[in-house]
Amino acid sequence: QDRLFEEIQDSLHEELNYEIEAQNLQVFRTFHQLLDPKIIIPQVYSEYSTRRVLTLSLEQGESIETASTWDLSVRNDIGRRLIQALGQQIFFLKRFHCDPHPGNFAFRADGSVIIYDFGGVKTLSNDVIGHFKALVRAARTQDIASIEEHLSNLNALAEKGKFPDELYRAWLEVLLRPLTTHYDFAENSAHHDGMKLVKKSLKYWDVFKPSPDTLMVNRTISGQYWNLIHLKVHDNLSDLFEELVSSQD
């Protein structure tokens, strides 16, 4: 529990330090320029920036509400770009923008995504990344023993072997559905089916525990899921998911 509070405290401290945010902006801008020029990160003007003042290039775009009215092909392009950028940050850069509030993004009609506010960035250790990679692989093959092993290593499991296999399999289908099928995010079936599973799972809930290693990752993935819901993305992201997963090997 102390580690959980430390994780939150560290995150808040970094968000108030503009020198740290300036460094984050420069790292992420360089990283995404190499991979996808349609991920746009504001440029830092160092000569006009201090610990308490951050001066950036003006990068304008439309809100998520406006973008949600655009043609489906553009919305799908934006949705894929949001998920791909997050996956690349986690698995390649090993640090990621962890404040997925829709106000921290703007969008352009050519599918470009502008990302603001790099005060909230989480760095992941090689060990944590290794367990995440193994967890994804185990989830795809429904290897429950391996899933529990890596959840335990990520400090997210209190007791092994206490959660029924059939519930594990049901949760895996729900959680993987948006990334492995032709999925209508506006319909949000995974969330609705997940709420039904919560009722069946409540008596086993003490098997799991909040994990400081996964707190920010879980928050960010769920936040981006809701951003795709707001954008009414309707697409099959399985090729993108496969690309991110296979690139881990």
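Now for a quick tour of the structure. Nothing here was measured: the structure is a model prediction, and the numbers come from that model.

With respect to the helices and strands, Leu 56 occurs in the loop between strand S1 (39-40) and helix H3 (64-67). You can call Leu 56 partly exposed: its relative accessible area is 32%. Note: C-alpha distance between Leu 56 and Ala 22 (34 residues apart in sequence) is 9.0 Å. In this structure, Leu 56 is in contact with Leu 25, Pro 42, Gln 43, Val 44 and Tyr 45, ignoring residues within four places of it in sequence.

Glancing now at the sheet that holds strand S4 (residues 113-115). Spatial strand order, S1-S4-S3: 3 strands in an open sheet with mixed pairing. Strand pairing shows two members of the sheet lacking a second neighbour, S1 and strand S3 (105-107), which therefore form its edges. As judged from the 2 bridges shared by S1 and S4, these two strands associate in the parallel manner. Considered in S4, the bridge of Ile 39 is made with Val 113.

If you trace the backbone, Ser 68 turns up in the loop between H3 and helix H4 (72-93). By relative accessible area, Ser 68 is classed as buried at 11%. From its side chain, Ser 68 meets the backbone oxygen of Glu 65 in a polar contact 2.6 Å long. Setting aside residues no more than four positions away along its own chain, Ser 68 makes contact with Arg 75, His 230, Leu 231 and Lys 232.

Estimates place the volume of the largest pocket at around 1900 Å³. In terms of lining, the largest pocket is formed by 49 residues, of which the most central are Leu 135, Leu 175, Asn 218, Ile 221 and Ser 222. Elements with a minimum of two residues in the lining of the largest pocket: H4, helix H5 (126-141), helix H6 (144-153), helix H7 (165-180), helix H8 (189-201), helix H9 (215-230) and helix H10 (238-246). Here the lining of the largest pocket gets 10 residues from one element, more than from any other, and that element is H9. Across the lining of the largest pocket, the residue classes break down as 38 nonpolar, 9 polar and 2 charged.

It is worth spelling out the nonpolar core at this point. Counting 62 residues, the largest nonpolar core has Ile 78, Leu 82, Ile 90, Phe 96, Phe 107, Val 113 and Phe 185 as the members making the most contacts within it. Setting aside residues no more than four positions away along its own chain, Ile 78 makes contact with Ala 67, Trp 70, Phe 107, Arg 108, Gly 111, Val 113 and Leu 231.

Attention now moves to H7. The end-to-end C-alpha distance of H7, which contains 16 residues, comes to 21 Å, matching closely the 22 Å that a straight helix rising 1.5 Å per residue would cover. Residues Leu 167, Tyr 168, Trp 171, Leu 172, Val 174, Leu 176, Arg 177 and Pro 178 constitute the buried set of H7. Taken together, the buried residues of H7 touch H5, H6, strand S6 (182-184), H8, H9 and H10.

Turning next to the packing of aromatic side chains. Both the distance between ring centres and the angle between the ring planes are used here to describe each pair of aromatic rings. All chains considered together, the criterion is met by 11 aromatic pairs. Centre to centre, the rings of Phe 163 and Phe 208 are 5.0 Å apart; their planes meet at 75 degrees, and the pair counts as edge-to-face. In this pair, Phe 163 sits in the loop between H6 and H7 while Phe 208 sits in the loop between H8 and H9, placing the two residues 45 residues apart along the sequence. Taking the relative accessible area as the measure of exposure, Phe 208 reaches 25% and is therefore partly exposed. Between Tyr 183 and Tyr 225 the ring centres are 6.4 Å apart and the planes differ by 40 degrees, which places this aromatic pair in the tilted class. Separated by 42 residues along the polypeptide, Tyr 183 in strand S6 and Tyr 225 in helix H9 bring together distant segments of the chain. By relative accessible area, Tyr 183 is classed as buried at 2%. Put simply, the rings of Phe 163, Tyr 168, Trp 171, Tyr 204, Trp 205 and Phe 208 pair up and form one aromatic cluster.

This part covers the packing of H7 against H8. The geometry of H7 relative to H8 is characterised by a closest axis approach of 9 Å and an angle of 160 degrees between their N-to-C directions. Here H7 lies roughly antiparallel to H8, going by the angle between them. Judged by the sense of rotation from one axis to the other, the crossing of H7 with H8 is left-handed. Residues Leu 167, Ala 170, Trp 171, Val 174, Arg 177 and Pro 178 of H7 pack against Ser 189, Ala 190, Asp 193, Gly 194, Leu 197, Val 198, Lys 200 and Ser 201 of H8. Considered class by class, the residues forming the contact of H7 with H8 number 8 nonpolar, 3 polar and 3 charged.

Here we take up the pattern of salt bridges. Evaluation of the coordinates by the stated rule reveals 11 salt bridges. Residue Arg 81 is joined to Asp 77 by a salt bridge in which the shortest nitrogen-to-oxygen separation is 3.4 Å. One end of the pair is Arg 81 and the other is Asp 77, both in helix H4 and 4 residues apart, which spans about a single turn. A residue is classified by how much of its surface remains accessible, and Arg 81, at 11% relative accessible area, is buried. With a closest N to O distance of 2.6 Å, Arg 177 and Glu 173 form a salt bridge. You can see Arg 177 and its partner Glu 173 sitting in helix H7, 4 residues apart, about one turn around the helix.

Criteria and cut-off values
Residues numbered from 1 in each chain as written. Predicted model: local features only at pLDDT ≥ 70, side-chain atom pairs only at ≥ 80, totals over all residues. Heavy atoms only, no water. Helix = DSSP H or I, 4+ residues; strand = E, 2+ residues; numbered from the N terminus. Buried < 20%, exposed > 50% of the residue type's maximum accessible area, 1.4 Å probe, protein only. Contact = heavy atoms within 4.5 Å. Pairing = 2+ DSSP bridges. Polar contact = N/O pair within 3.5 Å; in protein donor to acceptor, adjacent residues only side chain to side chain. 1 Å grid on protein atoms, 1.4 Å probe; cavity = no way out; pocket = protein on both sides within 12 Å on 5 of 7 lines; lining within 4 Å. Points joined across faces, edges and corners; volume = space filled by probe spheres on them. Nonpolar A, V, L, I, M, F, W, Y, C, P; charged D, E, K, R; others polar. Core = buried A, V, L, I, M, F, W, Y, C linked by side-chain atoms within 4.5 Å. Expected span 1.5 Å × (residues − 1). Phe/Tyr/Trp six-rings, centres within 6.5 Å; stacked < 30°, edge-to-face > 60°. Axes fitted to C-alpha atoms, helices over the stretch in contact; angles between N-to-C directions. Parallel < 35°, antiparallel > 145°, perpendicular 65-115°, else oblique. Left-handed = near helix turned anticlockwise from the far one by under 90°. Salt bridge = Lys/Arg side-chain N within 4 Å of Asp/Glu carboxyl O.

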